[in-house]
Amino acid sequence: RSLTVDERKLYLKATKCMYDTPSKFKSRFPIARSRYDDFVILHIDIASFGGHEDGDILAWHRYVLQQWEDALINECGWKGGIPYWNWFLDTPSQGGSFLKSPIFDPISGFGGNGKPDPDNILQKLNGTGGGCIQDGIFKDVKLWIGPVGQMIPNNPRCLTRNFLPWVVEQHNATDTLRKALKARDFREFMKWVQKDEAGGPHNHPEGPPALNVIFDDLHGIGHYSINGEMGDPLGSMNEPLFWLHHGGIDQFWSLWQDQDLTHRL
């Protein structure tokens, strides 16, 4: 929200450039077609082997956010840092609305929801989309990797979304932010960033997340409010909103660290 409309468009253009720039790792991963695919494969690799565990998820994603920023600057002409999404401002408690968030603007944002799909399993959870996104700069992007980490040659897909607004707008989500900032140590902070009990999504990627994870988990709230590709524990980086969500988590972690620089760095 603090970026100008022109700055937002430049970031979107740089992100789209990553989809259009040839892979640097195609000799190792023949399925990779673009620089964006390089990052998706990296995420699948790390997430499959512990990168989403409690002790690693924040530090590893901070590292990969830096790699993404460097690539945008050095390869696609971006001049700034990584924007982050403060979805707290898209809650009724702050006078906002998830579906009306400027982040989904079709011109200066990432485009909106997927086409309604009555057969999508998440319609039982009041899903509002399910199919291919219908507007914005990423409307015609082809995904070649996934879902769920699959690497099948010549298997193009569209980018899907299935907004679950109530995941962000329900009261527990904003309570979670407040409780996390008051955490006394990293273990307690992680309790609110990513739960690990009751079949959390990253401990059990073969199944849907437990509802308590969606309700109280900062990591899950951002992923499962957007859903579609973003709801895939392994392939969620296919969704360009991934970077703004994890940028928001990293910014929140930084706020918590800044409260006690002696013991939290």
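Under the annotation held in an unreviewed UniProt entry, the chain carries the name Di-copper centre-containing protein and is attributed to Microthyrium microscopicum.

Peer 1: A description of the nonpolar core should follow, citing residues and the corresponding values.
Peer 2: Counting residues in hydrophobic clusters, the biggest one holds 63 residues, and the most contacted among them are Trp-68, Phe-189 and Trp-243. If you list the elements that add at least two residues to this core, you get α1 (5-20), α2 (35-48), α3 (57-76), α4 (165-169), α5 (171-181), α6 (186-193), α8 (218-226) and α9 (241-258). Per element, the largest residue contribution to this core is 9 residues, and it comes from α3.

Peer 1: Talk me through the side chain of Glu-229; I want residue IDs and the actual numbers.
Peer 2: The residue Glu-229 is located in the loop between α8 and α9 in this model. For Glu-229, the side chain forms a polar contact with the side chain of Arg-157, separated by 2.9 Å. Of the polar contacts made by the side chain of Glu-229, one reaches the side chain of Asn-238; its length is 3.1 Å. Beyond its immediate chain neighbours, meaning those up to four positions away, Glu-229 contacts Leu-143, Ile-145, Arg-157, Leu-159, Thr-160, Gly-235, Ser-236, Asn-238 and Glu-239.

Peer 1: Break down the state of the cysteines for me, with residues and values.
Peer 2: Within the structure shown, the criterion is met by 2 disulfides. The disulfide bridge from Cys-17 ends at Cys-76, spanning 2.1 Å between sulfur atoms. With the S-S bond torsion at -75°, the cross-link from Cys-17 to Cys-76 turns out left-handed. In this pair, Cys-17 is assigned in helix α1 and Cys-76 in helix α3, connecting sequence segments 59 residues apart. Assessed through its relative accessible area of 14%, Cys-76 is described here as buried. Cys-132 shares a disulfide with Cys-158; S-S distance 1.9 Å. Measuring the twist about the S-S bond at about -75°, one finds the Cys-132-Cys-158 disulfide to be left-handed. On the criterion of sequence distance, the pair formed by Cys-132 in strand β2 (residues 130-133) and Cys-158 in the loop between β2 and α4 is long-range, its members being 26 residues apart. Look at Cys-132 and you get partly exposed, because its relative accessible area is 35%.

Peer 1: Which residues make up α3, and what values do they have?
Peer 2: Given a rise of 1.5 Å per residue, 20 residues ought to cover 28 Å, and the 27 Å separating the end C-alpha atoms of α3 matches this to within 8%. Three or more residues of α3 are buried, namely Ile-57, Leu-58, Trp-60, His-61, Val-64, Leu-65, Trp-68, Glu-69, Ala-71, Leu-72 and Cys-76. Check the buried side of α3 and you find it contacts α1, α2, α6, α8 and α9. Once α3 finishes, Gly-77 follows within two positions and takes phi at roughly 80°, a positive value.

Peer 1: I'd love a proper account of unusual backbone geometry, names of residues and values included.
Peer 2: With an omega of 0°, the peptide bond between Gly-146 and Pro-147 qualifies as cis. By the secondary structure assignment, Pro-147 is in the loop between β2 and α4. Positive phi is not limited to glycine here, since Asn-154 has a value of about 55°. Summarising the element assignment, Asn-154 is placed in the loop between β2 and α4. Its relative accessible area of 64% is what places Asn-154 among the exposed residues.

Peer 1: Could you give me a rundown of the pattern of salt bridges, with the residues and numbers involved?
Peer 2: A full pass over the atoms with the stated rule returns 9 salt bridges. Note that Arg-35 is salt-bridged to Asp-38, the shortest N-O span being 2.8 Å. Here Asp-38 and Arg-35 lie together in helix α2, a separation of 3 residues that amounts to about one turn. Taken as a pair, Arg-35 and Asp-38 share a single burial class, namely buried. Between Glu-75 and Arg-35 there is a salt bridge, with the nearest N and O atoms lying 2.7 Å from each other. Of this pair, Glu-75 sits in helix α3 while Arg-35 sits in helix α2, and the two are 40 residues apart along the sequence. When its relative accessible area of 27% is taken as the criterion, Glu-75 is described as partly exposed. In this structure Arg-35 comes out as buried when scored by relative accessible area, which is 7%. Where salt bridges share partners, they join Lys-24, Arg-35, Asp-38 and Glu-75 into one cluster.

Definitions and limits used
- Residues numbered from 1 in each chain as written.
- Predicted model: local features only at pLDDT ≥ 70, side-chain atom pairs only at ≥ 80, totals over all residues.
- Heavy atoms only, no water.
- Core = buried A, V, L, I, M, F, W, Y, C linked by side-chain atoms within 4.5 Å.
- Buried < 20%, exposed > 50% of the residue type's maximum accessible area, 1.4 Å probe, protein only.
- Helix = DSSP H or I, 4+ residues; strand = E, 2+ residues; numbered from the N terminus.
- Polar contact = N/O pair within 3.5 Å; in protein donor to acceptor, adjacent residues only side chain to side chain.
- Contact = heavy atoms within 4.5 Å.
- Disulfide = S-S within 2.5 Å.
- Expected span 1.5 Å × (residues − 1).
- Salt bridge = Lys/Arg side-chain N within 4 Å of Asp/Glu carboxyl O.

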